[in-house]
Amino acid sequence: MRKLFIAGNWKMNKTISEAVELVNSLKREVVDIESVDIVVCPVFTALSEVADLVIDSNIGLGAQNVYWEEVGAFTGEVSPKMLKDAGCKYVIIGHSERRKYFGETNETVLKKIKAVQSAGLSPIVCVGETLDEREQKKTIEVIEKQLKDGLKEIKDDNLEDIIIAYEPVWAIGTGKTATPEQAEEIHKFIRGWIKENYSSDISEEIRIIYGGSVKSSNAKDLMSQPDIDGALVGGASLESQLFVELIKNSL
Ligand code: PEP
């Protein structure tokens, strides 16, 4: 039985004091929830403060990006070791906004996964097709390439620790959610791909979460699909009440 995994991707939102307020409220509201791995991914500047607040709680901490080198002359970058030092357990890698605006590729995704795992962090690896690719019926082809190239040298033992987020680009921040059936079709494909390329056991264990305009009203329908094990949530994770409702409606 795979435990639900629900992560809030705050993107470039929240000052330190706003982040502290949100997490304090979230902590109170989800204190009794044990059946979901709840994670928040604030901006870099708020990581340490949020880490102090969640340290003994049922909320995990993730970062939204990372660089693959450990230390050195890489102005503006943050290494896996530094994220670990700040209290992170997870890192989002390959988000479509990073692919679109910051030149993230399947090759850099692979480098980041390896670096993050060497530092003892768990990657949340995002894959997903654009609207154009979907309309051209290339969804499976695109996802398969993202998996094949992004996970190219990742061995069985390391795959278990990865969370895959299927995020159709056309559904992110648009209010346009994939239907549960559309999402399940791709999740099932991803699980099948893992079975074929790794093993049946790993394909049963790995968590594949959905992202793209998830909110409290559609969370249950999405997460009751057999291959959807949680959600990566943008907009609806920015207000404690919305995120809490979404989590509770997913149970
Ligand atoms: C995301 O940023 O990963 C995301 C899914 O955003 P939203 O929930 O706002 O669509």
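Everything that follows concerns the structure shown earlier in this document.
This one's a predicted model, so the numbers in the text were calculated from it and none came from an experiment. (Residues numbered from 1 in each chain as written. Predicted model: local features only at pLDDT ≥ 70, side-chain atom pairs only at ≥ 80, totals over all residues. Heavy atoms only, no water.)

J.: What am I meant to see in the overall build of the chain here?
T.: Along the backbone of the chain there are 12 helices and eight strands. Relative to the 2.2 N^0.38 estimate, which gives 18 Å for 251 residues, the radius of gyration of the chain is 17 Å and therefore close to what a compact globule would have. For the chain, the spread of C-alpha atoms along the principal axes amounts to about 45 × 45 × 35 Å. For the chain, the residues scored as buried account for 53% of the 251 residues in total. For the chain, the proportion of contacts with a sequence separation of at least 24, taken over those separated by at least 6, is 72%. For the chain, the exposed area adds up to about 11,800 Å²; of that, 49% sits on carbon and sulfur atoms. For the chain, the separation between the mean place of its 30 positive charges and that of its 41 negative charges on side chains is 2 Å. (Helix = DSSP H or I, 4+ residues; strand = E, 2+ residues; numbered from the N terminus. Rg over C-alpha atoms; globule rule 2.2 N^0.38 Å. Buried < 20%, exposed > 50% of the residue type's maximum accessible area, 1.4 Å probe, protein only. Contact = heavy atoms within 4.5 Å. Areas by Shrake-Rupley, 256 points an atom, 1.4 Å probe, with all protein chains shown as cover. Lys, Arg positive; Asp, Glu negative; His and termini not counted. Charge placed at Lys NZ, Arg CZ, Asp CG, Glu CD.)

J.: What exactly am I supposed to notice about the site of the ligand here?
T.: Near the ligand you find 14 residues, and of these Lys11, Glu167, Gly173, Ser213 and Gly234 are the closest. At a separation of 2.7 Å, an oxygen atom of the ligand approaches a polar side-chain atom of lysine 11. Note that an oxygen atom of the ligand is positioned 2.7 Å from one of the backbone N or O atoms of serine 213. Considered on its own, the ligand offers 290 Å² of accessible surface; in the complex 96% of this is hidden by protein. Grouping the amino acids of the shell around the ligand by side-chain chemistry returns four nonpolar, eight polar and two charged. (Near = heavy atom within 4 Å. Polar contact = N/O pair within 3.5 Å; in protein donor to acceptor, adjacent residues only side chain to side chain. Nonpolar A, V, L, I, M, F, W, Y, C, P; charged D, E, K, R; others polar.)

J.: Honestly, helix α9 (residues 180–197) in this entry has me stumped. Any pointers?
T.: Every α-helix winds through 3.6 residues per turn, so residues three or four apart in the chain are directed the same way. Look at α9: 25 Å from first C-alpha to last across 18 residues, which is about the 26 Å you get at 1.5 Å a residue. All buried positions along α9 are accounted for by Pro180, Ala183, Glu184, Ile186, His187, Ile190, Arg191, Trp193 and Ile194. (Expected span 1.5 Å × (residues − 1).)

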